[in-house]
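In case you want the letters, here they are:
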Amino acid sequence: MTAGAEPVGTTTASTGAARVVLATHNRHKLAEVRAIMAAAGLDPAAIVSASDLGTPAPVEDGLTFADNALIKARALVAATGLPAMADDSGLAVDVLGGAPGIFSARWCGRHGDDEANLRLLLDQLADVPDPHRGARFCCAAVLVTPGGAETVEHGTLEGTLTFAPHGEGGFGYDPILVPVGETRTCAQLTSEEKNARSHRGQAFRALAPSVVRALTP
């Protein structure tokens, strides 16, 4: 931000209500995090997205999910002057040594092409039998405040991978991961079922008390 420039976001004084900005340009993720935070007692309207405020996405060159989440949140705080939440998550496949991992969103070579990512991963695992298709979703969710405080929480969802996508809900790799104890993929679960047990739900529920404190005058 150039010297003398106003932050992109607005503060409590100008809006009449405290806000926190979420580092995402994905409307599905925004809705999911709002629902998770609402269940924890936070007003969903208090959560705005980076897309709403027109802030660009920084380069995510961290080596872990937490590193990348902190990069995004710190950039948002600098750009908006608001407390910022961010997460980085992905799929870790046992037979691939934990890959795609932090490269999950761009496994096919370009960012955000869910269909191509799914197709490539399923092709790579086509000959891997059921007993060896273990995988898990991993998430690191963070809160960074304008005062410099940083909180990091983690969540994981263990499961197995299908041989083809199933279900129309969710996003990313949801159509191919069946959580432990389930017969349906994450994409076949209702939003409530998914949020109750998902990696992102775990991490953001753990983060919720810190967010509430940050927004309490």
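Residues numbered from 1 in each chain as written. Predicted model: local features only at pLDDT ≥ 70, side-chain atom pairs only at ≥ 80, totals over all residues. Heavy atoms only, no water.

> Sorry, what's going on with the overall build of the protein here?
Across its full length, the protein carries 7 helices and 6 strands. Going residue by residue from the N terminus, the α and β elements of the protein occur as α-β-α-β-α-α-β-α-β-β-β-α-α. Along the first, second and third principal axes, the C-alpha atoms of the protein reach 60 × 35 × 25 Å. Counting over 217 residues, the protein shows a buried share of 46%. Contacts in the protein between residues at least 24 apart in sequence constitute 62% of all its contacts with a sequence separation of at least 6. A total accessible area of about 10,200 Å² is found for the protein, and carbon and sulfur atoms account for 55% of it. Separation of charge centres in the protein, based on 17 positive and 24 negative side chains, amounts to 2 Å. (Helix = DSSP H or I, 4+ residues; strand = E, 2+ residues; numbered from the N terminus. Buried < 20%, exposed > 50% of the residue type's maximum accessible area, 1.4 Å probe, protein only. Contact = heavy atoms within 4.5 Å. Areas by Shrake-Rupley, 256 points an atom, 1.4 Å probe, with all protein chains shown as cover. Lys, Arg positive; Asp, Glu negative; His and termini not counted. Charge placed at Lys NZ, Arg CZ, Asp CG, Glu CD.)

> Can you walk me through the pairing of strand β5 (residues 150-161) in this structure?
The two faces of the sheet receive side chains in turn, since in a regular strand these alternate between them. Note: strand β4 (residues 134-144) against β5, 11 bridges, orientation antiparallel. Looking at β5, one finds that Cys-139 is bridged to Gly-155. The antiparallel pairing of β4 with β5 creates a hairpin that spans 5 residues between the two strands, and Gly-148 there sits at a positive phi of about 100°. Of the strand pairs in this sheet, β5 and strand β6 (residues 177-179) are connected by 3 bridges, and their pairing is antiparallel. In the strand pairing of β6, Leu-161 is matched with Leu-177. (Pairing = 2+ DSSP bridges.)

> Is there a simple way to explain the packing of helix α2 (residues 27-39) against helix α7 (residues 199-215) in this structure?
Packed helix pairs are characterised by how far apart their axes lie and by the angle those axes make with each other. It is the contact of α2 with α7, at a shortest axis distance of 9 Å, that shows an interaxial angle of 60°. Taken together, the axis directions place α2 and α7 in an arrangement best described as oblique. For the pair α2 and α7, the sense of crossing is right-handed. When α2 is examined against α7, the residues Lys-29, Glu-32, Val-33, Ile-36 and Met-37 are found in contact with a partner set consisting of Arg-200, Gly-201, Phe-204, Arg-205, Ala-208 and Val-211. Residues belonging to the contact of α2 with α7 are distributed by class as follows: 6 nonpolar, 1 polar and 4 charged. (Axes fitted to C-alpha atoms, helices over the stretch in contact; angles between N-to-C directions. Parallel < 35°, antiparallel > 145°, perpendicular 65-115°, else oblique. Left-handed = near helix turned anticlockwise from the far one by under 90°. Nonpolar A, V, L, I, M, F, W, Y, C, P; charged D, E, K, R; others polar.)

Function cannot be read off these values alone, since they describe shape.
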